[in-house]
Amino acid sequence: MSIFNRHQKLERHSLLLSAGILVVVAIGGLVEIAPLFYLENTIEKVEGMRPYTPLELKGRNIYIREGCYTCHSQMVRPLRDEVERYGHYSLAAESMYDHPFQWGSKRTGPDLARVGGKYSDEWHLDHLINPAALVPDTVMPPYAFLASKTLRYNDVADHMIALRRAGVPYTDDMIANAKADLVAQASPGADFDAEDGLLERYDGAAGRPGTVKISDFDQDPARITEMDALIAYLQMLGTLVDFTVYEADDLSNRR
Amino acid sequence: MSIQVRPSSGAGPGASIGTVSLLTGLVAFGVLLIAANAADPMMGAHAWIFFFLAVGGLVATGLWAGSLNGRNPFDEAHYDDTIVKFGVFTAMFWGIAGFLVGLIIALQLTWPNLFYFPDLGWTNFGRIRPLHTSAVIFAFGGNVLIATSFYVVQRTCRTRLAGGLWPWFVFWGFNLFIVIAGTGYLLGVTQSKEYAEPEWYADLWLTIVWVAYLAVFLGTLWKRKEPHIYVANWFYLSFIVTIAMLHIVNNLAIPVSLTGSKSYSLYSGVQDALIQWWYGHNAVGFFLTTGFLAIMYYFIPKQVNRPVYSYRLSIVHFWSLIFIYIWAGPHHLHYTALPQWAQTLGMVFSVMLWMPSWGGMINGVMTLSGAWDKLRTDPVVRMMIVALAFYGMSTFEGPLMSVRAVNALSHYTEWGIAHVHSGSMGWVGFISFGALYCLTPWLWKRKGLYSKALVEWHFWLATLGILFYITAMYVAGITEGFMWRAYNEFGFLEYAFIETVKAKHVMYIIRAAGGALYLIGALLMAYNLIRTAMGHGEASEARTDAPRSAAPALQPAE
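This structure is a prediction, so every number in the text was calculated from the model and none was measured.

(A) View of helix 4 (residues 54-65) of chain A. Residue and element names in this part refer to chain A. Between its terminal C-alpha atoms helix 4 stretches 16 Å, which fits the 16 Å expected from 12 residues at 1.5 Å a residue. Burial runs high along helix 4: 12 of the 12 residues are buried. Along helix 4, the residues classified as buried are Pro54, Leu55, Glu56, Leu57, Lys58, Gly59, Arg60, Asn61, Ile62, Tyr63, Ile64 and Arg65. Looking one or two residues past helix 4, Gly67 carries a phi angle of roughly 70°, positive in sign.

(B) Looking closely at the nonpolar core. Membership of the largest hydrophobic core comes to 194 residues, with the highest contact counts inside it found for Phe299, Trp427 and Phe430 of chain B. In this structure Phe430 of chain B touches Met383, Val386, Ala387, Met425, Phe459, Ala462, Thr463, Ile466 and Tyr518 of chain B, once residues within four positions along its chain are discounted. Of all hydrophobic cores here, the second largest spans 52 residues; its members include Tyr97, Leu125, Tyr202 and Met236 of chain A.

(C) Region of the structure containing the environment of Leu353 of chain B. Residues and elements named next belong to chain B. Within the secondary structure, Leu353 is located in the loop between helix 11 (340-352) and helix 12 (354-366). According to the relative accessible area criterion, Leu353 is buried, its value standing at 7%. Sequence separation between Leu353 and Ile322 is 31 residues; the distance between their C-alpha atoms is 9.4 Å.

(D) Focus on the side chain of Asp378 of chain B. Residues and elements named next belong to chain B. With respect to the helices and strands, Asp378 occurs in the loop between helix 13 (374-377) and helix 14 (379-402). As a buried residue without a salt bridge, Asp378 has its nearest oppositely charged side chain in Lys452, at a separation of 5.8 Å. A polar side-chain atom of Asp378 sits 3.0 Å from a polar atom in the side chain of Gln303.

(E) Region of the structure containing the side chain of Asn175 of chain B. Residues and elements named next belong to chain B. Secondary-structure assignment places Asn175 in helix 6 (residues 166-187). A distance of 3.0 Å separates the side chain of Asn175 from the side chain of Asn143, its partner in a polar contact. With sequence-adjacent residues up to four places away left out, Asn175 is seen in contact with Thr90, Trp94 and Asn143.

(F) Representation of the environment of Phe433 of chain B within the structure. All names here are of chain B. Along the chain, Phe433 turns up in helix 16 (residues 414-443). Judged by relative accessible area, Phe433 falls into the buried class, the value being 0%. When the C-alpha atoms of Phe433 and Met383 are compared, they prove to be 7.8 Å apart, with 50 residues separating the residues in sequence.

(G) Molecular detail of helix 16 of chain B. Residues and elements named next belong to chain B. Over its 30 residues, helix 16 runs 40 Å from end to end, which matches the ideal 44 Å to within 8%, given 1.5 Å per residue. Taken as a whole, helix 16 carries its principal kink of about 30° at Gly429. Counted residue by residue, helix 16 has 26 buried out of 30 residues, so it is predominantly covered. One side-chain oxygen of the residue at the start of helix 16 lies 3.1 Å from the amide nitrogen of Trp415, identifying that residue as Thr413. In the stretch just after helix 16, Lys445 is the one whose phi turns positive, near 55°.

(H) Structural detail: a nonpolar patch on the surface. Residue and element names in this part refer to chain B. Residues Val348, Met352, Trp354, Met355, Phe396 and Leu400 make up a contiguous nonpolar surface patch of roughly 520 Å² in combined accessible area. For the nonpolar patch, the elements supplying multiple residues, two or more each, are helix 11, helix 12 and helix 14. One can find Val348 in helix 11. The class for Val348 is partly exposed, based on a relative accessible area of 40%.

(I) Region of interest: empty space enclosed by the protein. All names here are of chain A. Enumeration according to the criterion identifies six cavities of 30 Å³ or more in this entry. In this structure, the second largest cavity occupies an estimated 240 Å³ of space. Around the second largest cavity sit 21 residues that line it, and Glu94, Ser95, Asp98, Ala113 and Gly238 are the ones nearest its centre. A class-by-class count of the residues in the lining of the second largest cavity yields 11 nonpolar, six polar and four charged.

(J) Representation of the packing of aromatic side chains in the model. All names here are of chain B. This model, assessed by the stated rule, comprises 59 aromatic pairs over all chains. Judged by centre distance (6.0 Å) and plane angle (80°), the ring pair of Phe86 and Trp172 falls under edge-to-face. In this pair, Phe86 is assigned in helix 3 (residues 82-110) and Trp172 in helix 6, connecting sequence segments 86 residues apart. Overall, the relative accessible area of 35% leaves Phe86 in the partly exposed class. With a relative accessible area of 47%, Trp172 lands in the partly exposed category.

About the thresholds
- Residues numbered from 1 in each chain as written.
- Chains lettered and ligands numbered in written order.
- Predicted model: local features only at pLDDT ≥ 70, side-chain atom pairs only at ≥ 80, totals over all residues.
- Heavy atoms only, no water.
- Helix = DSSP H or I, 4+ residues; strand = E, 2+ residues; numbered from the N terminus.
- Expected span 1.5 Å × (residues − 1).
- Buried < 20%, exposed > 50% of the residue type's maximum accessible area, 1.4 Å probe, protein only.
- Core = buried A, V, L, I, M, F, W, Y, C linked by side-chain atoms within 4.5 Å.
- Contact = heavy atoms within 4.5 Å.
- Lys, Arg positive; Asp, Glu negative; His and termini not counted.
- Salt bridge = Lys/Arg side-chain N within 4 Å of Asp/Glu carboxyl O.
- Polar contact = N/O pair within 3.5 Å; in protein donor to acceptor, adjacent residues only side chain to side chain.
- Bend = angle between axes of the 7 residues up to and from the residue.
- Patch = residues over 30% accessible without salt bridge, like charges linked within 9 Å, V, L, I, M, F, W, Y side chains within 5 Å.
- Areas by Shrake-Rupley, 256 points an atom, 1.4 Å probe, with all protein chains shown as cover.
- 1 Å grid on protein atoms, 1.4 Å probe; cavity = no way out; pocket = protein on both sides within 12 Å on 5 of 7 lines; lining within 4 Å.
- Points joined across faces, edges and corners; volume = space filled by probe spheres on them.
- Nonpolar A, V, L, I, M, F, W, Y, C, P; charged D, E, K, R; others polar.
- Phe/Tyr/Trp six-rings, centres within 6.5 Å; stacked < 30°, edge-to-face > 60°.

Structure follows, in structure tokens:
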């Protein structure tokens, strides 16, 4: 039983034991995680993907702050019933700019990966203010306070700079116009040039028009609230990639 | 209890007091600068909380050091049991807090119209849930691990804890991290990475504390008078080392500003998903499994006065457990956008993981060979063996749920919640309770606990509570899983999502009742432990151990 005799050496030398442990526990992570950073089909880009607009980014941060991910997932699985209920299964590329990812691990409430465009802004407003008024058996908490909290966005450019450091391709133009773009997206009709700038930057990054929704999301034209930001974020989820133009039989899509 | 006195090597007792105070002072100064320039109100609040607690700690240390009057507070002739006593208190405090928050969120999901308050948005489920998970895993579990590891490493090395004041830095520093984490969730400070929610600055602080923890633990091993490192210490060491690796890698982030609370994870999308669940699964595997197996490996043999069943089994299952566990992360990501090869690896290794896990269970349970009657007569032993039974159950269920086809049904459902709670309430909870029940009479030198009958009440109430909880959640999870995928005779989805929520209402009630029973059991335990420490009831007799003589003749292991 020489292996057990050799084990005594580890039991008598704490540094050998510590080193042995570290080596053994490092292997699995390296083998599974490292390839995800270079294997082509994990890192492939998909048309339509673009970074979040400043308003959507603020909304996403509110989603994270309020812990929405504890009840809602954002990952449609390639299972028949799921695709029928929620839409096309989620591609890896669709969360490539999500720092951190929001795939979630529990569905106390429905998956939100493709909730964008499914309900009107007014529905989202009413539902977030008092879920039980719209869906009587819900267990979702009320978020009325979001509608009365003015959005703090003076630092939104700093957030985009931090994200750029993490690899999100925000351009200098996007960062310079961050606040203007945020205001333009939540104030339809106030400044058409600003709206054009917003669309040029973000629809441009997506490679097709229609990925940026401009609206007074919280139906309160007097100010921009956290509700504006959150609804703006919810309304774009899952809408960036245009699955109608995907041709499964195309040679480039066959593996 | 006296042990062989060794001349102290290196610096005197003041050295560690000085270095701990210097580090704390430097951090407090840096935090003060942040407080004065905070970019957002949450960072401001945290910086001030941290600053005042750090200054308070420095003042308390100063007052204590001043009252020493030349006495060496780190006398090598005695074990440091005071720190373990503090740990028993904090563990029970956080445990009760964590179980209570768990009950609250369970009630919120059961009766939302009663337990949601539109004017108090910070009390919504999404902000309170991480309060529960962090409180039970890190606050309760963490303090149990620190207290028991400090107790066990001293006893099994037959030397006092290394580092002078540094173990206290670890203890208070860790609890400070808990306070920052918990207040943060209510304030809205979260990274949204499960079991890694605290933001970048809290993570940095925890890293410092953790390095100190490793140094104290290794330092104590280096001072040992028993040449062999006991098996419990292999498990503690693997827990400390691996958590450091997981914590650092998973929490790499870019802060928006050094004076602000918000940061963005370095990783995104599918890469972040796997790094998160490599971390998340191994937080379970190393924080909640190997750490608590270490506890099992000391307290069960000690309480039943029998040797561990098999030395060879402990070697085989230790190395295979820590190797295989790491690979299991992808089973949290079946049928997601994670590449299938990674899912397959995760599934295969998760299934293999069943064996080293049961190795641990067998080793612990079979240690009762020749002493099975203790199951009947000693409720503390019974609790620890039932802990192993739940461990075996969970480590069989986990591999089962890791099979892709099974996971297609179970993922996102309450089945996951059931699995987590059988493991946490059954295994982690019960082995912790058992260890604390053992420790309290030993530490306060009582012959026994204040009331053995109360332990029986605790055991049965808590076990009933677990059974209510997990049965309700199994039924809920499988029900909703099947309802989500149900088709009617016309080929359309049978149920709207909200119908599946409605279907779980009764199970939610039963689950809340189960959690309430578990909480009541913990309250009984706290009462029992307090009166034991005070020397009431059956604990009024002092413990009389034969005084330890010089080290007995050393024998080779096995």
